[in-house]
Amino acid sequence: MTETNTVTGFIHVFEPGGDPVRKPLLLLHGTGGDERDLLALGRSVAPGASLLSPRGKVLEGAAPRFFRRLAEGVFDEADLSRRTHELADFIEAARSRYGLPAPIAVGFSNGANIAASLLLLRPEALAGAALLRAMPPFRDPPTADLSDKPVLLLSGLLDPIVPAADSERLAALLASEGAAVEHRSLPSGHGLSHTDLSLLTGWLSRL
């Protein structure tokens, strides 16, 4: 079903799953995507899981995003913080509406960056996160209790948008806050490869 949540105004898709053992996935698209962008990926990597997929509310030109940026790789951190809390409130409302436990976020690029921000600002909103091509969301990150929260970080060694050092810094930051981080650097660019999907499928199956 596709609907606008009356509490937070996020256009989103919810697909109920048939496997009660699977944790639901929160699918967070990249710049220019929408609420349907990652549905096929979600069905592929976690068969039977419930899928909750919102559309980012910020427009860059005609491209939906989850928060504003000032330039490539330079975030409007005040807007990021506000949008993160807004998204966390949406997750809470959606969990109540659909009867869901805390989801695992699967975010790509801009979606991965706001998922990382959720971990730092509202960690209770997520049961864990798969961050695909993410960078540290804050220059001066807040502290958070991520004790044993599972995090998969998949980065591309040839990524022209996210430098390898930024991925390493994010992995170290989340681990320092107690997250159980699995970081893999792949010989790929910013786009996702079959190896990304295979690693993501395996990680989700182990949760």
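Presented here is a report on the structure given in the accompanying data block. What you see as residue numbers is a count from 1 along each chain, following the sequence as written. pLDDT decides what is reported in this predicted model: residues at 70 or higher carry local features, side-chain atom pairs at 80 or more are listed and counted, and totals for whole chains, interfaces and linings draw on all residues regardless. Heavy atoms from the whole structure form the basis of all side-chain values; hydrogens and water molecules are not counted.

### Some points on the side chain of His12
Here is the rule we go by: To qualify as a helix, a DSSP run of H or I must reach at least 4 residues; to qualify as a strand, a run of E must reach at least 2; elements of each kind are numbered from the N terminus. Working definition: with a 1.4 Å probe on protein chains only, accessible area under 20% of the residue-type maximum means buried, over 50% means exposed, and in between means partly exposed. Residues adjacent in sequence count toward polar contacts only when both atoms are side-chain atoms; beyond that, a polar contact is any pair of N or O atoms within 3.5 Å, and within protein one must be able to donate a hydrogen and the other to accept it.
Relative to the assigned elements, His12 resides in strand 2 (residues 11–15). A relative accessible area of 0% places His12 in the buried class. A distance of 3.0 Å separates a polar atom in the side chain of His12 from the backbone oxygen of Phe10. A polar contact of 2.8 Å, which involves the side chain of His12, links it to the side chain of Tyr98.

### Digging into the side chain of Ser117
Keep this limit in mind: Should any heavy atoms of two residues lie within 4.5 Å, those residues are considered in contact.
Along the polypeptide, Ser117 turns up in helix 3 (residues 110–121). Not counting chain neighbours up to four residues away, the residues in contact with Ser117 comprise Leu80, Thr84, Arg122, Pro137 and Phe138.

### Overview of the pairing of strand 4 (residues 51–54)
Convention followed: Strand pairing is assigned whenever DSSP identifies at least 2 bridges connecting the two strands.
Here strand 4 shows two buried faces, one formed by Leu51 and Ser53 and the other by Leu52 and Pro54. For strand 2 and strand 4, the ladder comprises four bridges, and the chain directions are antiparallel. Across the sheet, Phe14 pairs through a bridge with Leu52, a residue of strand 4. In this sheet, strand 4 lies alongside strand 3 (residues 25–28) in parallel orientation, the contact comprising two bridges. Bridge pairing links Leu26 to Leu52 in strand 4.

### Some remarks on the pairing of strand 10 (residues 128–132)
Quick note on the threshold: Whether a crossover is right-handed depends on one test, that the path from the first strand over the helix to the second runs clockwise when the strands point away from the viewer.
Among the five residues that make up strand 10, five are buried, leaving the element largely enclosed by the rest of the structure. Of the two faces of strand 10, the one holding Gly128, Ala130 and Leu132 and the one holding Ala129 and Leu131 are both buried throughout. The sheet contact formed by strand 9 (residues 104–108) and strand 10 spans five bridges and is parallel. Each bridged residue has a counterpart across the sheet, and for Ile104 the counterpart in strand 10 is Gly128. Between strand 9 and its parallel partner strand 10, the chain crosses via helix 3, and the hand of that crossover is right-handed.

### Thoughts on the nonpolar core
What tends to happen in soluble globular proteins is that the nonpolar side chains get buried as a cluster. Our working rule: What we call a nonpolar core is a set of buried Ala, Val, Leu, Ile, Met, Phe, Trp, Tyr and Cys residues that are connected through their side-chain atoms within 4.5 Å.
By size, the foremost hydrophobic cluster in this structure holds 41 residues, and its most contacted members are Leu131 and Leu174. Those elements that provide at least two residues to this core are strand 3, helix 2 (77–98), helix 3, strand 10, strand 11 (150–156) and helix 4 (164–176). In contact with Leu174, other than residues within four places in its own chain, are Leu119, Leu120, Leu131, Leu146, Val151, Ala179 and Val181. Within the second largest apolar cluster, 24 residues are counted, among which are Ala102, Val106, Ala127 and Leu186.

It is worth stressing that arrangement in space is one thing and function is another; only the former is reported here.
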